[in-house]
Each structure stands twice: as C-alpha cells, then as structure tokens.
Amino acid sequence: MFEEHASPADVVRTYAAAKSRADIPAALKGCHPDVVFETIPFQAVARGTEEAARQFTGFLRAFPDYHVELEYLHGMNGLVVGSGTIRATMAGPLAGIEPTNKAYALPFACHWTVRDGLITHERFFFDFHQMCEQLGLSTDAAGAKFAAWREHAQRAAR
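Criteria and thresholds
Residue positions within a chain follow its written sequence, with the count starting from 1. Reporting of local features is limited, given that this is a predicted model, to residues whose pLDDT is at least 70; pairs of side-chain atoms are given and counted only at 80 or more, and all residues count toward the totals for whole chains, interfaces and linings. Excluded from the side-chain calculation are hydrogens and water; included are all heavy atoms of the structure. Each patch is built from residues that are more than 30% exposed by relative accessible area and take part in no salt bridge. Like charges join if they lie within 9 Å; nonpolar side chains (Val, Leu, Ile, Met, Phe, Trp, Tyr) join within 5 Å. For the accessible areas, the method is Shrake-Rupley and the probe is 1.4 Å, while residue cover comes only from the protein chains on display. Salt bridge, as used here, is a side-chain nitrogen of Lys or Arg placed within 4 Å of a carboxyl oxygen of Asp or Glu. Where helices and strands are cited, they refer to DSSP runs of H or I of at least four residues and of E of at least two residues respectively, numbered from the N terminus. A pocket, in this scheme, is an open set of points on a 1 Å grid over the protein atoms alone with protein on both sides within 12 Å along at least 5 of 7 lines, while a cavity is a set where a 1.4 Å probe fits but cannot get out; residues line either one if an atom lies within 4 Å of a point. Grid points are joined across faces, edges and corners, and a volume is the space filled by probe spheres set on the points. At least two bridges found by DSSP between two strands are what make those strands a pair. Angles shown run from 0 to 180 degrees and are taken between the N-to-C directions of axes, each axis being a line fitted to C-alpha atoms and, for helices, limited to the stretch in contact.

Now for a nonpolar patch on the surface. Residues Tyr72, Leu79 and Val81 make up a contiguous nonpolar surface patch of roughly 230 Å² in combined accessible area. Counting through the fold element by element, leucine 79 comes out in strand β4 (residues 79-89).

Before going further, it helps to examine empty space enclosed by the protein. Taken as a whole and judged by the stated rule, the model has one cavity of 30 Å³ or more. As for the largest cavity, its lining consists of Tyr15, Ala16, Lys19, Tyr66, Val68, Leu70, Ile86, Phe108, Cys110, Trp112, Glu122 and Phe124. Counting residues per element, the ones that place at least two in the lining of the largest cavity are α1 (8-20), β3 (67-76), β5 (103-115) and β6 (118-126).

The strand order across the open sheet built from six strands is β2-β1-β6-β5-β4-β3, with neighbouring strands paired in mixed fashion. Taken across any chain shown, the strands that pair with only one partner, and hence form the sheet edges, are β2 (44-47) and β3. Each adjacent strand pair in this sheet contributes to an overall mean axis angle of 15°, direction not counted. When β5 meets β6, the two strands line up antiparallel, connected through eight bridges.

Spelled out as structure tokens, the structure:
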C-alpha cells in the first residue's frame, strides 16, 4: 500500500498497481481529495476523488481486465512522467458505446504531480483512433458518444 515516505514514482507505481487490480478505493488512497484526472483522448476530466471514483467505476465496468504495464517512470520535484502499455477487453458499455468483446493493447504516456505523498494531478495520453480500431469501433461514432456523455455529465453537475 502507500507508504508514508514513498518517493513520488513509488506513489504512482502503487496507484497503477491498484487500478490494474480494479481496486478503486486502494488507488484513490494515494490521491489528494481535490485530485484532477485528465483522460485526454476522451476529453474527460474528473475533479476530486468522488468524481474520479464514478469515472473509474464506469471505465472498469466496461474494461474489467484493464491492466497497466509500466515501461518507465522518472520523477523530479514531484512531477513523475511515465510510459508503458495499457491492455483491456471491452466487456461492458462505456459512454453509451455497446461492448465489442474485443481487446486493445495501446502505448500510453502520462504525467502525474505528486505532493506530500499524494497524487494531485494525472494527465493520461493514448491514441483514441488506435483504441477504436482495435475494438472494432468507428472513431467518429465513438467520439460523438463521448461528446454526448460529456454534455450529459456537465448538465448533471449544474
């Protein structure tokens, strides 16, 4: 679990391992309550651990075997950058997109800000088109579903 005096890179490793086990409470233990998560390909932002828990739950329902393979992590002054491969099978719906039961394996890059042993920000990058192609989805149709999902989430937040 998260150690009190862990390095920022170790905090990220522990967080990534918990997400790979679909253990959302354990992953969020390493995050500041006001954390901001940005999933750039989905144009999705979660602010705070409660909103993040909802987004993570929906994502992991769609991709229950989600797994992160870290290739490297480098940290300096609380900024951790990393890269690796994400793998998952679409077994459930996501943002109104029906499951395809197909898998993807995608390279990713990410950076995290860690302060006082907690993640305060994550910015996650991967190729949306490549994900859609591997899942057998139209990029345009999936993009439209995500746009509608974001719009619905924004209305619900008001």
